[in-house]
Amino acid sequence: YVSVPIIRSMDGGGILVELGHGIRGLVPANHLFDKAQASGKGGSSYRSKVRAEKFRVGNKIDVRCLQVDEDARRCILTAKKALLQSDSDDPITEYSNIEAEKIATGFITRVDRSGVTVTFYNNVYGKATARRLAEELGVEDPTTNYHVGDVIRARVVSCHRYKLELSLNTSIADDGGINKGPSKTGTKLEPGSVLPAKCMKIVQLFDSRLRDDGVSFIPGYAVVTIKAKHLNIDDEGQSVDCKIPFDQILDAYDTDATTSAEGLDKMARRVLKVGKKINQAAVVIFSGKDGTSGKIAMPVVSLRPAMVKTAKLIAESEEGTTKVSLPSPVSSLYQGAIVQGYCTRLDPRHGAFIRFLNGLTGLIPKLKGGLDVNLFDTVLCRISALDVTSGSRPKILLKRLRSIEGVDSRKQTSDEKEIDIKVDEIVGDVRVENVNFARATATLIGDKYKGAKVRARIHFTMAVQPSTPRMPLKQPVADDNDDTDSHTDASKAKITSHHPFHKWSSGDVLHHVKCVAVENRNGTLHIELSVTEDSSKAKPSKKGKKGGASGENNPGPTFASEASHLPTGTAISGVITRVCSQNRGVWIHVCPGTTGFVSGMELSDDIDILNNLKQYYKVGGVLSCSVMEKRGRINKKNQQEDEQAEQIIYASALHFHGNKNQSGKRPAGKLVIGRINRSMKPQHAPALMLELRGGYEARCDITELDEMDEWENMPLGRLDSSVIGSASSTPQHKEKNSQGAIVTDESADDNDDGDEDSIMSDEEEDAVAGGSDYPTGKYVRCRVLPGFKSASAIEVSLRESRLDGDLEDDEAPEPKEMVHAYVINTNKKGCFVRLSRFVEGRIILKELADGFLPDPAAMFPQGRLVIGKVKEVRHLPKDTKKGKKYTTKVTVDLDMRESTLLEDEDKITYDDIKIGEKYKGTVTRVEPYGVFVRLENSEMTGLAHLSECSDNYIKNLTDLYDPGDLVKALVIKKDEEQNRFGLSLKASHFEDDSDSDDDDESTSSSESGSDDEADDALNDVLVSDAEDSDVVDSDDENFASKLAAKMKGGNNDDDDDDDDDDEISSDEGSSSSSDGDDDDDSSSSDDNDEVDENRPTAMDTDVGFNWGSKLKSTDAKGDDGDGSSDSDSSDDSDDDDNDEIDKAGKSSHKARKKAAARRKEEKEISARESALADGTADSNPETSADFERLLAADPNASENWIRYMAYHLSLADIDSARNVANRAFDRIEFRQEDEKLNVWTALLTLEFKYGTPKTQQATIDRASQHNNPKKVYLRVCEMLEREVDGSVASSNSAHTHDAAVARADELFLKMCKKFKSKKTVWIAHLKYLLKSARHEEAHALLKRAMQSLPDYKHVETMSKFAQLEFEHGSPERARTIYGTLIEKHPKRLDLLFVYVDKEVKHGELAAARDIFMNV
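Parameters and conventions
Residues numbered from 1 in each chain as written. Predicted model: local features only at pLDDT ≥ 70, side-chain atom pairs only at ≥ 80, totals over all residues. Heavy atoms only, no water. Buried < 20%, exposed > 50% of the residue type's maximum accessible area, 1.4 Å probe, protein only. Helix = DSSP H or I, 4+ residues; strand = E, 2+ residues; numbered from the N terminus. Pairing = 2+ DSSP bridges. Axes fitted to C-alpha atoms, helices over the stretch in contact; angles between N-to-C directions. Salt bridge = Lys/Arg side-chain N within 4 Å of Asp/Glu carboxyl O. Contact = heavy atoms within 4.5 Å. Core = buried A, V, L, I, M, F, W, Y, C linked by side-chain atoms within 4.5 Å. pLDDT = per-residue confidence, 0-100. Patch = residues over 30% accessible without salt bridge, like charges linked within 9 Å, V, L, I, M, F, W, Y side chains within 5 Å. Areas by Shrake-Rupley, 256 points an atom, 1.4 Å probe, with all protein chains shown as cover. Lys, Arg positive; Asp, Glu negative; His and termini not counted. Charge placed at Lys NZ, Arg CZ, Asp CG, Glu CD. Parallel < 35°, antiparallel > 145°, perpendicular 65-115°, else oblique. Nonpolar A, V, L, I, M, F, W, Y, C, P; charged D, E, K, R; others polar.

(A) Molecular detail of the pairing of strand β36 (residues 671–676). Within β36, five of the six residues are buried, which leaves it mostly tucked inside the rest of the structure. Strand direction decides the pairing type here: β36 and strand β39 (residues 779–784), joined by five bridges, are antiparallel. Directly across from G674, in β39, lies its bridge partner V780.

(B) Focus on the sheet that holds strand β49 (residues 966–975). The five strands are arranged β46-β47-β48-β50-β49 in a closed barrel whose pairing can be described as mixed. If you compare each strand with its neighbour and ignore which way they point, the axes differ by 50° on average. As judged from the six bridges shared by strand β46 (residues 918–927) and strand β47 (residues 930–935), these two strands associate in the antiparallel manner. In the strand pairing of β47, V926 is matched with V931.

(C) How the structure looks around the sheet that holds strand β38 (residues 697–701). With mixed pairing, five strands are arranged side by side around a closed barrel as β36-β37-β38-β40-β39. On average, each strand axis in the sheet is tilted by 50° relative to the strand beside it, whichever way the strands run. Bridge analysis of β39 against strand β40 (residues 794–797) gives two bridges, and the strand direction is antiparallel. Residue pairing in the sheet places R783 in a bridge with S797 of β40.

(D) Focus on the pattern of salt bridges. The final tally for this structure, using the stated rule, is 48 salt bridges. Across the pair R24 and E18 runs a salt bridge whose closest N-O atoms are separated by 3.6 Å. A salt bridge links R1189 to D1186, with the nearest nitrogen and oxygen atoms 2.9 Å apart. Remark: D1186 and R1189 occur in helix α26 (residues 1184–1193); sequence separation between them is three residues, near one turn of the helix. The network of salt bridges with common partners includes R699, D701, E795, D809, R834, R837, E840 and K889.

(E) Region of the structure containing the environment of L250. Here L250 shows up in the loop between β17 (240–245) and α5 (255–259). Here L250 falls in the partly exposed class, since its relative accessible area comes to 36%. Along the backbone, L250 and S302 are 52 residues apart, and their C-alpha atoms lie at a distance of 8.9 Å. Contacts of L250, omitting those with residues within four sequence positions, involve M267, R304, F376 and T378.

(F) Representation of the nonpolar core. Core analysis: the biggest nonpolar cluster contains 67 residues, and M1205, V1239, V1276 and M1311 have the highest contact counts within it. For M1311, the residues in contact, after removing those within four places along its chain, are Y1273, L1274, C1277 and V1321.

(G) A look at the confidence of the model for the protein. In this model, the protein carries an average pLDDT of 75, and 75% of its residues clear a pLDDT of 70 or more. Averaged pLDDT values for the elements of the protein fall to 35 in helix α23 (residues 1112–1116) and rise to 94 in strand β42 (residues 830–836). Here residues 537–551 is a poorly scored stretch, pLDDT under 50, and it has 27 contacts once near neighbours within four places are set aside; other chains count. Predicted confidence is poor over residues 721–771, with pLDDT under 50, and the contacts of this stretch with residues over four places away or in other chains come to 141 contacts.

(H) How the structure looks around a negative patch on the surface. A surface patch of like charges, here negative, comprises D709, E710, E712, D773, E800, D804, D806 and E808. Along the chain, D773 turns up in the loop between α14 (762–768) and β39. Classification of D773 as partly exposed rests on a relative accessible area of 45%.

(I) Inspection of the packing of helix α29 (residues 1233–1250) against helix α30 (residues 1253–1266) at higher detail. Closest axis-to-axis distance for the α29/α30 pair is 9 Å, and the angle between their directions is 170°. The orientation of α29 relative to α30 falls into the category roughly antiparallel. In this structure, α29 contributes W1240, L1243, L1244, E1247 and F1248 to the contact, and α30 contributes T1255, Q1256, T1259, I1260, R1262, A1263 and H1266. Here the contact of α29 with α30 is composed, by residue class, of six nonpolar, four polar and two charged.

(J) Summary view of unusual backbone geometry. Residue P472 follows M471 across a cis peptide bond; omega there is 5°. Looking at the element boundaries, P472 is found in the loop between β28 (454–459) and β29 (509–521). In this chain, A685 is followed by P686 through a cis amide linkage whose omega measures 0°. Among the secondary structure elements, P686 is positioned in the loop between β36 and β37 (687–692). Non-glycine residue K198 carries a positive phi angle of around 60°. On the basis of relative accessibility, which here comes to 51%, the residue K198 falls in the exposed class. Located in the positive-phi region is D424, a residue other than glycine, with phi close to 70°. Within the secondary structure, D424 is located in the loop between β25 (395–401) and β26 (426–435). Judged by its relative accessible area of 54%, D424 is exposed.

Here is the structure:
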C-alpha cells in the first residue's frame, strides 16, 4: 500500500493508518524501522525525534501487509524499508509452497542461545539453530550478533509440515553449494588416522556431568564438523560430526581439571571457542563403530600432542618399524610391546586403567605404581602380561615407562664397564645419598664399581638387626605428631624415633653391606642391599655408632621375592607401617614388596596393651613375629583380590614368643581374650559378638554380660540386629582369613581406616554408642561356656562369677516368682523375653501393662530390661526343635502388669471357693436373666440368677445393679465339671453379719488386712509417688529396677500400716452398731475394693500427676454443692459414717483422716465420670487416653496435636513428643497444609530447645521437603529472633546472648541466600537487624536485597523498609525513602496513604498535612 495516511499515533509507539474504504491497519512500533532500537547513549532520543517527524499524524507512508485476522477484523502492517523493497514477486506466505534452497527476507522475532527465529508473512516462521550458525558463519553466541526486529535474509534448508529449518548463509555457489563427485583423497575415519590442522570447526560445547555416585564425573566434549573434502567418505557433499572430549586436549592436566567437572569445563572453554577452527592436527581414537556390540556412535578424535606425534610416525614409517604403537582391539599384541595411551580411570583397589584406540583398555596394577599415574595423563607403557583367550578384547597388564630411550638397546657398548654382582655377595662400603620413610638410596664406593651403571637402595626392613629394640613399648606413650593413622606416601612419611632409619642421614657410610636382590633393567643393575651386624657396629662418618638393645633371639632381616617363599613358622622381623583404628591390629613390611598383617589377638595377651595399641605400638617400630598358616576361603568371584591377598603375610607375635595354643575350638571353661565386633550380625539376638584368636566367632548372650543383680537397661544400645547385619554384609573388603581380623588388601585400611567396623553409617554408629560399655574394638576377657551343638559361634560369658570359675547354668524360675528379663522381640503374638541362655518367656500383649499400649514394639524394643511375675514354667524335652542351632530348655509365661506385680498374696482359685462362704465382688455384667460378679482378689466370675438378686421382685435388674458396683455375694452352688458356681445377692443372707470392721478384724488375712495392704501398696506406688517426686514411669529405661525398689518400699510400709489398721478396727468394732457397721463397710472396705477392682478395667491413669488437681476447690466448699444422685448418696453415707464415729467417740485421728481421703477420692471419681459423660473432659484433657480420644474425633486439628506434645514435654518425655509430631504428619490430610505447618513449627521449637544442631538441621530439611520451604525458614528465623530477645530480657550471660545472635545471624543469612528472589525473607532479615539496633548492617543488607530482587519488587521492599525505619530506626531516613518513592511513582496512592499513616502514628500531624499539601 503506497502513500497511506497516518490517522493516529498509539501509546505503545505504533501508528494507525487508513488503507481505504474504512479499513484501518496497525503498524507496531518495532516495524517502523529496519533495525532494532539502539541501546547506546542517545539512541532513544534520536529515534524519538525521527519518529515524531516522519510518522506525524497526517503524513503518508508506504506499508506492507504482514498478517490479516479476519475474525478480529485486524490487519498488521510493516513500514520496514527492507521488507517493502524485497520479495515483491515471490514472498513466503504458506508452508505448503516453500521449497528447499529458497531465499527470502524476514524479520527476527526471537533470539536465544539455541538459535534465531525468523518470521515471514502470514505468521510463517522458521529457525536457524545455533549449531548451524556456528558451522556456517562462525557465530559463537547468537544473542550478541542478532537482535529482535532486525530484517534478515534466510535460506530454506528443509520444510516438514510446519517445521521450517533455515540457514542464514545465503552465499551459495553456482552449482548449488554442493561439490559434485566423491572425494577419495581425504583421510579415512579409522582408529589411528591423523586429521590435518584447520579441518575441524567447533559447533557446540557440552559440559561435564556427574555420575550417579555424585563424586566422579564424565568429561564434557566439543562437537566439531569436518567437511567432506578432508575425508575419504562415500557420501557426497556431506560433512561429518565428531567429538573431542575435554580430557583429549592436553597430555597432562592440573589438579583442578582432574578433580572437579567445573575445573575441567573451565579449562576446556578457555581453549575451545564455538565457531572457531582448530589449528592443530588430531588423531582418531574411536571410529564410531563398536565391534563387540555393533552400536554406531559419533567418532571421537584426540588433540593430545604426544599421541598425534606417535600416530604421524606410524603413518610415515613402514609397518612394524616404530618402537611405540597405538594398539586397538584388532592389533597384534605381544608381551613386551611398547604402547601409548591415556589414563581414563584411577581405582584405589586395582590401579590405573589405560585406554587405547577403539576402547581397548589395559591396567597398571597399583603394586606396580598404578596409583602414581595422574588422571587423564598420556602414558607410555610396556605390556607385561597378556591374555587373549578371555573374550573378544584381550586383558592387558602394563608397566609404566618414563621414556623410550634405550628400550631396544639391550646390549652394552664396548666402552661400558660390565660388572657382575650376585645375591648374598658382600658389596663392601656404601654411602647413603637420600633417606625417606621406606628406603634409602645408596652409592657403592668400592673401586670395582666405579664407572659401572649400578643403582642401589636399602629398604627400611633391610636395616633391621637382632639388636634393634622391639615393640611393644614397656610404658605407654600417648599419640604424638610422629604417630600417624593414615596411609601417606612412604617418601613423605616422617621417620620416628622408633624407625630403623632413625639417626641415618645423607653422607653416612655403611660397611660390610650385603646384596639380597639383583635386577638388570635396560643395562642398569638395580640392587637391593641389606645391613649386616658388622654394618651396624661400624661407625658412620657423621653420626657415630648406632645403638640398640640386645636381642639375641630376635630375627634379623628376611628377604623373599614372594610371600609364598616364607613357610609357616618362619621367624621374621617386620616394620610397623600402620596401627589400625579400633585396635584391629598392625600392618607391617617384612621385606621389599612383601607386606604383612598382625591382628590384635596375635600381638599380645595383655588386655591393657590390646585396648591401647597406638600407645604401645608405634609406626616405624620393629616387631618380631612368626609366619602363620593361611586358611582363607577362596573367592571365585573376585580372583584378583585373592591374588593380592596371596602377597600378604599373616603373622603372629604370640606364636613367636611360644604361645602356640590356637588350633581347634576352645573347650568349655577356658579363659580367652575376645575382641568386640558390633558390625557382625548377632546370632540368636540379642547378643554381643566377639572375635577370638584363630579366626573363631564368639557369642556372648545379653544375659551373660553382667551379673543378674547388676543388669542394666539396653546394655547394647538401641541398634536393631537387622541394622547391624546389613552393615556387616556390605561387600567391602570383608575378612576372608580365619586367622582373625584380616583384610585381603592393605588398601582396605585407607577407606575409613579400612576396618570392617567402619561400614556403619553415622546414625548406626550413634545407635551403637548407646551401649558405650561394649564398643567395637574393645578387648575383654571371657570364659568359654558349654555351647549349642549346632551353633557355629563359641558361647562365652563376661560375668565376673564366670571368670572366677562358676560354669553352672542359671536355675529356672518358679511360678509366681518375680524375675528380670531382656526383650528379644515384640510382635502381634506378644513380647518374647530371655531370662538366661536356656530360659525364654513370653508375655501376651494384654499383660504388658494395665492400660492400652498404642505401639508395643516401640515401647519394648530389643534389649530392654523388664520385670514380670512367672505364671507358668514348662520344661521342654530334649528332642524339641530338632535341626535348630539354638534351642531353649525352659519356657515361661510372664505377666508384667503393675496390678499383678504389686499383689501381696495369692489369688483365690476355683478350688478355694466353698459353698456357703461369703465374698466381696464387683458386678461385671448385667443381663435380663442375672448378674455376673467377679470375686475380689481372683479372676473367677459367678452368676447370680434373677431369682437370687433380691429378696423382693425386680422387674429390671439394671435399675438395681450397674457394672462396677461393689457387692457381697454368697456361694450357693458349684458345678465341678464346668468350673462354674452360683451366687446369691439377697440382703437377707447378710443380715446377721457383723460390721465390716469386725469382719476385717476377724478375717484380717483375707479381707481388711489384705484390702488395706493392697490399697496402701497401690497408693504408695501409683499415687503418692507424685508427692515423693519418684514416679515409676513404664517408659523409663530403669523402669524394672525402680519398680522393684518401690515394691520393696511398699511392703515395708504395709507392715506398719497393718498394725495401725488393726488398732483402728478393734476400736471401731467395739463401739459401733450393726447398722453403722454396714454403712462403714460400704464406705471403707468397699471403697478399697472399688479402687483395686476397677484398676485393670478402667483407663490407665498412671501418668505421674494428681487426677484431682482440678477438684481441690470443690472439696474445700464442703458438701453443700449440687451434685448427682450418686454424689448425694455418697455424701449421706459419709455423713452417717461421721455421725457414727462421733457418737462412738473412740475413733482415732488416723481413722478420720482415712475416711476423709476416701470421700475425696469418691468425689474425684464421680466428677471424672460426669466430665466424661457430658463431654466436658475434652475441653481439658489430662491423660494420653483423653488426647487419643480427641485426636480420633478430629485428627486434622493441629491445636490438639500440639497440646498432646506439650503434655509429653510436661512429663519430660521428649521422644514421645517427637513421636506425636510424626504421627500428626501422617494423620493430618494433605490438603490441610497450614495445620501441618503448625505441627512442624511445634516440632522445630522442640528441637531448638532440646535437640542438637544435627537434629535441628535435619528437622529443618524434613520440614522444607514437606512444606513451603520459605515459610519453614521464616518460622525458624522468627523463633531464633524470639530467642535473641529472650536472652536480652532474661539478663543471661553475654556468652549466651552472643551464641543466640550467632545462630540467628547464620540462619537469616542462609535463608536470604536460599530465597534471594523473595522479598519476604529480606524484609524479615531487615526487621531483625533494625530491632537489634544494627542499622549499618541493615543498610548494607538493603543494598544486597536490591541487587537480588527483581525490579518490580523494589518499591514494596523499600516501602516496608521505610515502615521499619519509622518503628525501629530513624524517622528522618524513612521520610527520605518515602519522598523518593512518591516522586518516582506519583500514581501510587497506596504509598502515599501508608506514608501519611506512619506520620500520624508517629505523632507528626503537621508533617502528615504537609504531605497532602505537596501532592
